[in-house]
Amino acid sequence: MGRMRERLRLPSGLSLRPWEPSDAAAVLAAFAEPLTARQSDAPVLTPLDAEQWVERRRTQWREGTAHAFAVTDASDSALGCVTVSHLNAQHATGWVSYWTTPAARGRGVASHGCRALADWCFTELGLFRLELAHRTDNPASCTVALTAGFAVEGLQRQKLAYDGVRHDVETHARLATDPPSR
């Protein structure tokens, strides 16, 4: 379970594949933006940090604790990331997260990638429920979730704190039994 062919091609012309060491420059560019930087498990400020970020994704994949995919274009350039983590075998659940490089925003990269990730999780990992959340002041992330078939489930008031400011978070979920997303 959790095996990945070399590449999962999407109807959009994009592909999903595991992260490779050669993707470090794209990771560094993505995490140079402060909003994306907050999504990293450790600061990504240097090329070495980016290489270590990629290696952590590869290690998590091998250990089966998370599955992070690079979303790539036809030239195999990494445009973003979709990940399933916090896997719970007993309940068949996982947590989805995503980001894109600044240059890839508004092109459907995250939506297509997130939709394909969900389908992969249901078929390859046997998961039943996928969850995600985003700050309510991030409407682009909400659009990604909705377009990928994740239904709104609720609001977590003032859940996150950044720079002394509290932020509300909207939660979404997609079930294996939900109709296919558009």
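Structure: see above.
For every chain, the first residue of the written sequence is number 1, and numbering continues from 1 along that sequence. Since the coordinates come from a predicted model, pLDDT governs what is reported: local features require at least 70, and pairs of side-chain atoms require 80 or more to be given and counted, while whole-chain, interface and lining totals use all residues. Note that water and hydrogens are dropped before the side-chain values are worked out from all heavy atoms of the structure.

1. Some words on the packing of helix H1 (residues 24–31) against helix H3 (residues 47–63)
1) Next: Orientation of H1 relative to H3, taken along the N-to-C sense of each, is 110 degrees, at an axis distance of 8 Å. When the interaxial angle is binned, H1 and H3 end up roughly perpendicular. Contact residues: H1 offers Ala24, Val27, Leu28 and Phe31, while H3 offers Pro47, Ala50, Glu51, Trp53 and Val54.
2) Next: A class-by-class count of the residues in the contact of H1 with H3 yields eight nonpolar, no polar and one charged. Between N-to-C directions, angles cover 0 to 180 degrees, with each direction set by a line fitted to C-alpha atoms, over the stretch in contact for helices. Helix and strand definitions follow DSSP, with helices as H or I runs of at least four residues and strands as E runs of at least two, each counted in order from the N terminus. When describing relative orientation, an angle under 35 degrees is termed roughly parallel and one over 145 degrees roughly antiparallel, while 65 to 115 degrees is termed roughly perpendicular and anything else oblique. Contact between two residues is taken to exist if any of their heavy atoms lie within 4.5 Å; hydrogens are not considered. Here the nonpolar group is Ala, Val, Leu, Ile, Met, Phe, Trp, Tyr, Cys and Pro; Asp, Glu, Lys and Arg are the charged ones; every other residue, Gly included, is treated as polar.

2. Looking at the sheet that holds strand E8 (residues 165–175)
1) Next: The strand order across the open sheet formed by eight strands is E1-E2-E3-E4-E5-E6-E8-E7, and the pairing between neighbours is mixed. With one partner strand each, in any of the chains shown, strand E1 (8–9) and strand E7 (151–162) form the two edges of the open sheet.
2) Next: Judged from the three bridges that link them, strand E5 (residues 93–100) and strand E6 (residues 129–135) form a sheet pairing that is parallel. Bridged to Trp95 within E6 is Glu131.
3) Next: Helix-sheet contacts for helix H4 (residues 109–124) involve strand E2 (15–18), strand E3 (67–72), strand E4 (78–88), E5, E6 and E8, and the interaxial angle to E4 is about 35 degrees.
4) Next: Against the sheet, helix H5 (residues 139–147) contacts E5, E6, E7 and E8, and its axis sits at roughly 10 degrees relative to E8. At least two DSSP bridges between two strands are needed for those strands to be called paired.

3. Description of the packing of aromatic side chains
1) Next: Ring geometry is summarised as follows: Phe, Tyr and Trp rings, the Trp one being its six-membered ring, pair when their centres sit within 6.5 Å, and such pairs are stacked at plane angles under 30 degrees, edge-to-face over 60 and tilted between the two. The tally for this structure, following the rule as stated, stands at eight aromatic pairs.
2) Next: Taking 5.6 Å as the distance between ring centres and 55 degrees as the angle between the ring planes, the aromatic pair formed by Phe31 and Trp53 counts as tilted. With Phe31 in helix H1 and Trp53 in helix H3, the pair connects residues that are 22 residues apart, well separated along the chain.
3) Next: Residue classification places Phe31 among the buried residues on the basis of a relative accessible area of 3%.
4) Next: When a residue's accessible area, from a 1.4 Å probe over protein chains only, is under 20% of the maximum for its type it is buried; when over 50% it is exposed; and in between it is partly exposed. Note on Trp53: relative accessible area 3%, which makes it buried.

4. Here we look at unusual backbone geometry
1) Next: Positive phi, close to 70 degrees, is recorded for Asp76, a residue that is not glycine.
2) Next: You can see Asp76 is positioned in the loop between E3 and E4.
3) Next: We classify Asp76 as partly exposed; its relative accessible area is 27%.
4) Next: One non-glycine residue with positive phi stands out, namely Asp163, at about 55 degrees.
5) Next: Within the fold, Asp163 resides in the loop between E7 and E8.

5. Re the side chain of His172
1) Next: Within the secondary structure layout, His172 lies in strand E8.
2) Next: Relative accessible area serves as the criterion here: at 1%, His172 is assigned to the buried category.
3) Next: A polar contact of 3.0 Å, which involves the side chain of His172, links it to the side chain of Glu170.
4) Next: When near neighbours in sequence (up to four residues on either side) are disregarded, His172 contacts Leu130, Glu131, Leu132, His134, Cys142, Ala145, Leu146, Phe150, Ala151, Val152 and Glu153. As used in this structure description, the phrase polar contact means that two N or O atoms lie within 3.5 Å; if the pair is within protein, one of them must be able to donate a hydrogen and the other to accept it, and residues adjacent in sequence are counted only when both atoms belong to side chains.

6. What about the pairing of E5?
1) Next: Most of E5 is tucked away, with six of its eight residues classed as buried.
2) Next: Relative to E5, E4 runs antiparallel, the two sharing seven bridges. Looking across to E5, one finds that Cys81 is bridged to Trp99.
3) Next: Between the antiparallel neighbours E4 and E5 lie four residues, among them Ala92 with a positive phi of about 55 degrees.

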